[in-house]
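Coordinates in review
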Amino acid sequence: MTGSWPKLREKRMKRTVALAGLLTLTTAPLALAQDAAAFRDAFLAGETGWPAVEARARDEGEVNFYYWGGSDLLNVWVDSMAVPALATKGVTLNPIRITSTKDVVDVILAEKAAGKRLGDGSVDVLWVNGENFATLKVQDGLFGSFAQLLPTSANIEWNAEDPRSLLNLRDFGVETGGAEMPWSGEQYVCAYNGDTVEEDALPATFDQLKAYLTENPGRFTYVKPPHYLGNTFVQQAVYAFNPDGTGAEPFQQNRDDIAPEELARLIAPGLEYLKSLEPLLLNGSDSGARYPEDPAAIDGMFLNGEVDFNCKFGIYAVSTGLSTGTYPEAAREFIFPEKGMIKNKNYLAIPANAPNPAAALVLVDWMTTVDAQATKLEATGFPAGIDGWTLELSDRAALESASPGLIALTEEDLEANAVPDTNATLVDVIEAVWLDYIERDSTEGIEALVQRAYETLGQ
């Protein structure tokens, strides 16, 4: 690590760009755009050395990075560390902060449909995972299998015989095929407020959570689907109540490989549990259960004492929340649900019509250096996407020293309770059924709702 994280800036840089203005961004010079496909083909074939990639990136001169801009800490890190780092490589980094990754995926695919090819589009690099990656892959909207050709690919475990490679090779059950590069890792973790909850009263299972809420009604809620945090909570409940007792296993299948009536059988107990939980959730006994819309909303409820627990992705969320004052001082992490805490990674992808493909490769490569990963971890609390066991001891130590630290849990605790995400094609179905069965209080049976979701999503 070349230096310590600088003091956070007080003023947040205002660089959020409306999606309506995406198509007006400057693209690569015409000559570069015309030979972009030849460059891609040669690079993916292993015929272009890294110095040639860097030289072309300098000629392109800029790179447009689209990412969720909801974290001030991440925004400051991008401005303070990533922008200057790319400048030393002769590339101007344009950070474009967005609120919806799906909207940007729609723009990429609309540009592709309009005939915009490599060198002509708007988006060079997109922070992505799960359903959005699956959409780009199905629609042939990705640059190609670039990840293992980058110099920093040595920092990632690619050996399929090593079970630790799973999160690099599959994204929400979809094979990555090297078309995206791991950037951060995460796990769904719950925190509790030690001022309001005794440690021996902590629930470890969904049944214990219901028992706790029966005694303490209104003291819990979860983020509302279709937000990915809400979807994840629902998936974990579905795993826990899988009638076959096989947890996450059957939910790794693609939608095409599982009949709707079989999926309905598997998810019905979990959804029925969530339905029974509604009267016990925040405001559940009054005007109806209150579901926060996003992580900022659930953080606010937790800080203000409206709820006893805060469940979301963020293994270092407590450490970061304590340092920023967004978590109560008595906040601690705990295991919930046992043997059912979803773990995944998120990635950087390059679209098939990236305007500056070489600069995109240079950005992704820098983002997965040890220095970039360590400073990001220290500044934001976002776990590293690179794999520590692949690194030299000094680099591994740099990552470890950058960690904000776990509060009341260990890495071993997290790993012992980790399970994979649901396949992206099934997430859409489960989400649709939750919205009908729970939010809209449909009286139709779950099998009918699943069948309709299959038909709708198959269109």
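Rules of the game
Residues numbered from 1 in each chain as written. Predicted model: local features only at pLDDT ≥ 70, side-chain atom pairs only at ≥ 80, totals over all residues. Heavy atoms only, no water. Buried < 20%, exposed > 50% of the residue type's maximum accessible area, 1.4 Å probe, protein only. Helix = DSSP H or I, 4+ residues; strand = E, 2+ residues; numbered from the N terminus. Pairing = 2+ DSSP bridges. Expected span 1.5 Å × (residues − 1). Bend = angle between axes of the 7 residues up to and from the residue. Contact = heavy atoms within 4.5 Å. Disulfide = S-S within 2.5 Å.

- By the naming in an unreviewed UniProt entry, the protein is ABC transporter substrate-binding protein, taken from Palleronia caenipelagi.

**Here's the deal with the pairing of strand E6 (residues 180–193)**
- Burial within E6 is extensive, with 14 of its 14 residues counted as buried.
- With seven bridges joining them, E6 and strand E9 (residues 341–349) adopt antiparallel strand pairing. Paired with Ser184 across the two strands is Asn346, which belongs to E9.

**Side note on helix H10 (residues 260–277)**
- Along its 18 residues, H10 runs 25 Å from first to last C-alpha, staying within 8% of the 26 Å computed at 1.5 Å per residue.
- At Ile267, H10 shows its maximal kink, close to 40°; a proline, Pro269, follows between one and four residues later.
- Of all the residues in H10, the buried ones are Pro260, Leu263, Ala264, Leu266, Ile267, Ala268, Gly270, Leu271, Tyr273, Leu274 and Leu277.
- Contact partners of the buried residues in H10: helix H8 (206–215), helix H9 (228–240), helix H17 (424–439) and helix H18 (446–457).

**Some thoughts on the state of the cysteines**
- For the coordinates displayed, the defined rule picks out one disulfide.
- With its sulfur 2.0 Å from that of its partner, Cys190 forms a disulfide with Cys311. Between Cys190 and Cys311, the S-S dihedral sits near 110°, and the bridge is therefore right-handed. With a gap of 121 residues between them, Cys190 in strand E6 and Cys311 in strand E7 (residues 309–313) connect regions that are remote in the sequence.
- You can call Cys190 buried: its relative accessible area is 1%.
- You can call Cys311 buried: its relative accessible area is 5%.

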